Amino acid sequence: MTLTACGGGGAKDSAAGENPDGTVSIYGTEPKSALLPGDTTEAGGSKAVDGLYSRLVAFKPEDGSTSNLMAESITSSDAKVYDIKIKSGWKFHDGTEVKAKNFVDAWNYAAYSPNAQQAGSFFAQIQGYDDVHPADEAAKPATDKMSGLEVVGDYEFKVTLKGAFSVFTSQLGYHPFSPLPDVFFTDPKAFEAKPIGNGPLKFVSRTPNASIKLERFDDYKGEDKVHFKTLDIKIYSSQETAYQDLVAGKLDFMEALPPSAKIGGKHKADLGDRVLNANLLGISTIGVPSYVAGYNNLDLRKAISLAINREQITKTVLADSYTPVDGWVPPGIEGYEPGVCGEFCKYDAAKAKEYFTKSGFTGKLTIQSNADGGRKEPLEAACNSIKQALGVECEFVGATNFGAFRQIVDGHQLTGLSRSDWSADYPSIENFLNPLYRTGGSSNDTVYSNPAVDALLAKADSTADKGAAIKEYQEAHKLLAKDLPSIPVWAEKGIGGFSKNLTAAKLTFSRDADLASFRVKG
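Predicted model only: the values in this text are computed from it and were never measured.

Colleague: Tell me about the overall build of the protein chain, residues and numbers included.
Modeller: Within the protein chain, the secondary structure is distributed over 17 helices and 21 strands. Here the C-alpha radius of gyration of the protein chain, 22 Å, is about what a compact globule of 522 residues would show, namely 24 Å. Its C-alpha atoms give the protein chain principal-axis dimensions of about 65 × 55 × 40 Å. Looking at the protein chain as a whole, 59% of its 522 residues qualify as buried. Partitioning the intrachain contacts of the protein chain with sequence separation of at least 6 by distance along the chain shows that 71% fall at a separation of at least 24.

Colleague: For the confidence of the model for the protein chain, give the residues involved together with the corresponding values.
Modeller: The pLDDT averaged across the protein chain works out to 93; a share of 97% of its residues lies at or above 70. Per-residue pLDDT stays below 50 along residues 1-14; that stretch engages in 64 contacts with residues further than four places along the chain or on separate chains.

Colleague: Tell me what's going on with helix 10 (residues 298-307), and back it up with residues and numbers.
Modeller: Most of helix 10 sits inside the fold, with 9 of its 10 residues counted as buried. What helix 10 keeps buried is the set D299, L300, R301, K302, A303, I304, S305, L306 and A307. At the N-terminal end of helix 10, a side-chain oxygen is found 3.0 Å from the backbone nitrogen of D299, two or three residues along, and the residue is N297.

Colleague: How would you sum up the packing of aromatic side chains? Please name residues and give values.
Modeller: Taken as a whole and assessed by the stated rule, the structure comprises 22 aromatic pairs. With a centroid separation of 5.2 Å and 75 degrees between ring planes, the pair formed by W90 and Y220 is classed as edge-to-face. In this pair, W90 is assigned in the loop between strand 5 (81-86) and helix 2 (100-111) and Y220 in the loop between strand 9 (211-216) and strand 10 (230-235), connecting sequence segments 130 residues apart. Each member of the pair, W90 as well as Y220, is classed as buried. Measuring from centroid to centroid gives 5.6 Å for F344 and Y355, while their planes differ by 70 degrees, and the two rings are edge-to-face.

Colleague: Go over the sheet that holds strand 16 (residues 394-399) with me, naming the residues and quoting the values.
Modeller: To summarise the sheet geometry, strands pair through backbone hydrogen bonds and adopt either a parallel or an antiparallel arrangement. With mixed pairing, the 6 strands of this open sheet are ordered in space as 14-18-13-17-15-16. Each edge of the sheet is formed by a strand with only one pairing partner; in this case those strands are strand 14 (322-324) and strand 16. On average, adjacent strands in this sheet sit at an angle of 30 degrees to one another, irrespective of strand direction. Strand direction decides the pairing type here: strand 15 (residues 365-370) and strand 17 (residues 417-423), joined by 2 bridges, are parallel. What sits directly across from I367, in strand 17, is L417. The sheet contacts of helix 10 involve strand 15, strand 17 and strand 18 (486-492), and relative to strand 18 the element is tilted by about 25 degrees.

Colleague: Outline the side chain of S321, supporting the account with residue identities and numerical values.
Modeller: Positionally, S321 belongs in the loop between helix 11 (310-315) and strand 14. Of the polar contacts made by the side chain of S321, one reaches the side chain of K262; its length is 3.1 Å. From its side chain, S321 meets the backbone oxygen of L318 in a polar contact 2.5 Å long. If sequence neighbours within four positions are ignored, S321 has contacts with K262, T314, E492, K493 and I495.

Calculation rules
Residues numbered from 1 in each chain as written. Predicted model: local features only at pLDDT ≥ 70, side-chain atom pairs only at ≥ 80, totals over all residues. Heavy atoms only, no water. Helix = DSSP H or I, 4+ residues; strand = E, 2+ residues; numbered from the N terminus. Rg over C-alpha atoms; globule rule 2.2 N^0.38 Å. Buried < 20%, exposed > 50% of the residue type's maximum accessible area, 1.4 Å probe, protein only. Contact = heavy atoms within 4.5 Å. pLDDT = per-residue confidence, 0-100. Polar contact = N/O pair within 3.5 Å; in protein donor to acceptor, adjacent residues only side chain to side chain. Phe/Tyr/Trp six-rings, centres within 6.5 Å; stacked < 30°, edge-to-face > 60°. Pairing = 2+ DSSP bridges. Axes fitted to C-alpha atoms, helices over the stretch in contact; angles between N-to-C directions.

What follows is the structure, given as structure tokens:
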């Protein structure tokens, strides 16, 4: 769910005071899987994947607007059939040239259900997807290639969608739409151990729970070249420890700072003009898994949502670095409407108690999450708020790291409520609805299903006019308020920081490092 943005590629490496052969270290969490573009939908793996692979289009760091990257042109007269021409001369890290077939082969691999790629459903709009990825996961696919993908020549391919889809060109900037080299298909397992991409950085090594090392690819043709030699993604189990390293100059970049660093503006005193700000397109919710006994209860979900004092938690524990939210689409996304969640996203202890009594729930409530990354403190505060309002025991249950937590979520092994944060993969209201709330969506962690929501999303997807499509997405958004499949809580203000070892860095709209903007002090 994160993106490497384009920009900052105009400066020369040899500029005075810069070290083009320096090392940059950034904060990381343990990826949950191999570093494949079609199998990475979480932040831990995305930090490496975004540097390893380049897509057809790139996003502007500030607002996510798109521009061609590997694409020479993307044309369509009906938003259904797209002719895509790619630039020639681009190389994979093994020296082989990137051809149109490398995109087609990679997309077919990601969509083919037996390959169990986490981002497979992002290809659902392409004609023939249902033949390679039947709705019944246990069913054998009719074929392993989507009929909507056609190689026209070495540098051209055609994509035919099931119907008009106004979001498609933005979606192409998301990393599952990256190409894969021919060598991948001869031995996928060997490739996983040492991935080969076409991005500005090439793979060096990965030490589980310690680091991922990447190195500049000097034959890279994109405008988003990096101006340093080595990237060290350091894996931390404690955000506080990482922050201490940032201040001490042992870590060069954090896209988010721990709550303790923001209380009383401590981070401003620590970092000065090295504090970074960005307008983030993201949201935090608390997921309510429908498959956990006792939790598939609307009155209980209403009670829990009413019992969370969002205003107090964001002001105190989160030190005003987050703002309360009132829906499932964040401000800043075109199509956002205020107040969609209505009364149930406003703290009301008395009303919460009424719904809780009505629910008949007995036992203890839990909120599960990774304990690293600064996630523990606000969720403990949410638990305390629920406990005080409802008079029920509530406990935070922390997994060791993000990778371990995602294994629990993806395996549908949650035993209670769960953290569910989402940053825009691409800036569209569709991206906050389809992956999370459509039946079978790639990140539908609560296993929520509502045929009425599915029908509205399908109608929106097939509406060629962008404005008309947004109105249909808005209607689907409003239906979520009737079901509360997850509980909206807060949205993060973009606050990061960089070390004294760098002279420049940027934070993107998706709370990522804009690596092309980084400059190492000479």
